[in-house]
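Observations on the three-dimensional arrangement
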Amino acid sequence: MSGTRKPRIAVLVSGGGRSLENLAVLASSGELAVEIALVVSNTPQAFALTRAQRLGVPHVVVDHKQHADARAFSSAVFREIEARAIDALVLAGFLRLLIIPPNWLGRVLNIHPALLPKFGGKGFYGERVHRAVLASGELVTGCTVHYVTNEYDAGPIVLQRRCPVLPGDDEHSLGARVFEEEKLALPEALRQHFAEQA
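The present account deals with the structure reproduced in this document. For clarity, every value in this text was computed on a predicted model and none was experimentally measured.

**Observations concerning the overall build of the protein chain**
- When you go through the protein chain residue by residue, the secondary structure sums to five helices and seven strands.
- Written out in order from the N terminus, the α and β elements of the protein chain read β-α-β-α-β-α-β-β-α-β-β-α.
- Referenced to the eigenvectors of the C-alpha coordinate spread, the extents of the protein chain come out at roughly 50 × 40 × 35 Å.
- Within the protein chain, the proportion of its 198 residues that are buried is 50%.
- The long-range share in the protein chain, meaning contacts at least 24 apart out of those at least 6 apart in sequence, stands at 62%.
- Summing over all exposed atoms, the protein chain offers an accessible surface of approximately 9,600 Å²; the carbon and sulfur share of this is 52%.
- For the protein chain, the centre of its 21 positive side-chain charges and the centre of its 20 negative side-chain charges are spaced 3 Å apart.

**Considerations on the packing of aromatic side chains**
- Tallied over the entire structure, the rule returns two aromatic pairs.
- With 6.3 Å between their ring centres and 15° between their planes, F73 and F94 make a pair best called stacked. Pair noted here: F73 is in helix α3 (residues 70-82) and F94 is in the loop between β4 (88-91) and β5 (108-112), with a separation of 21 residues, a long-range link. F94 carries the same exposure label as F73, and that label is buried.
- Both rings, one in F78 and one in W104, keep their centres 5.6 Å apart while their planes meet at 50°; by these two values the pair is tilted. In this pair, F78 sits in helix α3 while W104 sits in the loop between β4 and β5, placing the two residues 26 residues apart along the sequence.
- A residue is classified by how much of its surface remains accessible, and W104, at 2% relative accessible area, is buried.

**Notes on the sheet that holds strand β2 (residues 35-41)**
- Read across the sheet, seven strands follow the order β3-β2-β1-β4-β5-β6-β7 without closing on themselves; strand pairing throughout is mixed. The open sheet has two free edges, formed respectively by β3 (59-61) and β7 (157-164), since each of these has just one partner strand. Taking each pair of neighbouring strands and ignoring which way they run, the sheet shows an average axis angle of 20°.
- Sheet topology places strand β1 (residues 8-13) next to β4; four bridges connect them, and they run parallel. Bridge assignment links I9 to a residue of β4, and that residue is A88.
- Sheet strands in contact with helix α1 (residues 18-29) are β1, β2 and β4, and its direction is about 170° off that of β2.

What counts as what
- Residues numbered from 1 in each chain as written.
- Predicted model: local features only at pLDDT ≥ 70, side-chain atom pairs only at ≥ 80, totals over all residues.
- Heavy atoms only, no water.
- Helix = DSSP H or I, 4+ residues; strand = E, 2+ residues; numbered from the N terminus.
- Buried < 20%, exposed > 50% of the residue type's maximum accessible area, 1.4 Å probe, protein only.
- Contact = heavy atoms within 4.5 Å.
- Areas by Shrake-Rupley, 256 points an atom, 1.4 Å probe, with all protein chains shown as cover.
- Lys, Arg positive; Asp, Glu negative; His and termini not counted.
- Charge placed at Lys NZ, Arg CZ, Asp CG, Glu CD.
- Phe/Tyr/Trp six-rings, centres within 6.5 Å; stacked < 30°, edge-to-face > 60°.
- Pairing = 2+ DSSP bridges.
- Axes fitted to C-alpha atoms, helices over the stretch in contact; angles between N-to-C directions.

As structure tokens, then:
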């Protein structure tokens, strides 16, 4: 990666794309020195694709239903990535298992809506995480940005941000508070990642 160009990232999505929009706003304002070079969705129904189109970001669908297994699906995703000179991947609400090739370990980041290692692993995503936090009686939750390995939510942690669990919270109010922390955590993790690569 040369010192003159901004690092190029790809954002992998399955749903609404709020984190994608947050990163795009920060990138366009200059607060985050990256270029969002590609959005990849595993489903053609993801609203994130509509956001990507509005934001003018190149986007593709690699439909997991069109591939025999996770390995074939992951290979197809990385073919799209490697065709575009991407420096790092961000999983932002991406709900499929992605098998990471050895040369990409340490370059794929995920945002998780809890303080890992608590409330992580297969099946823990979105409102399911917040419901589990509420059921546990925890007084503090937050979000974690970590490097992705080939085990769910188990890679090295880059950073965490915390917020309170308040009396009367449901998964929606708690999720909204956690997302405010995610909006800060993900760009900061990217800054740290690229500072260490420089």
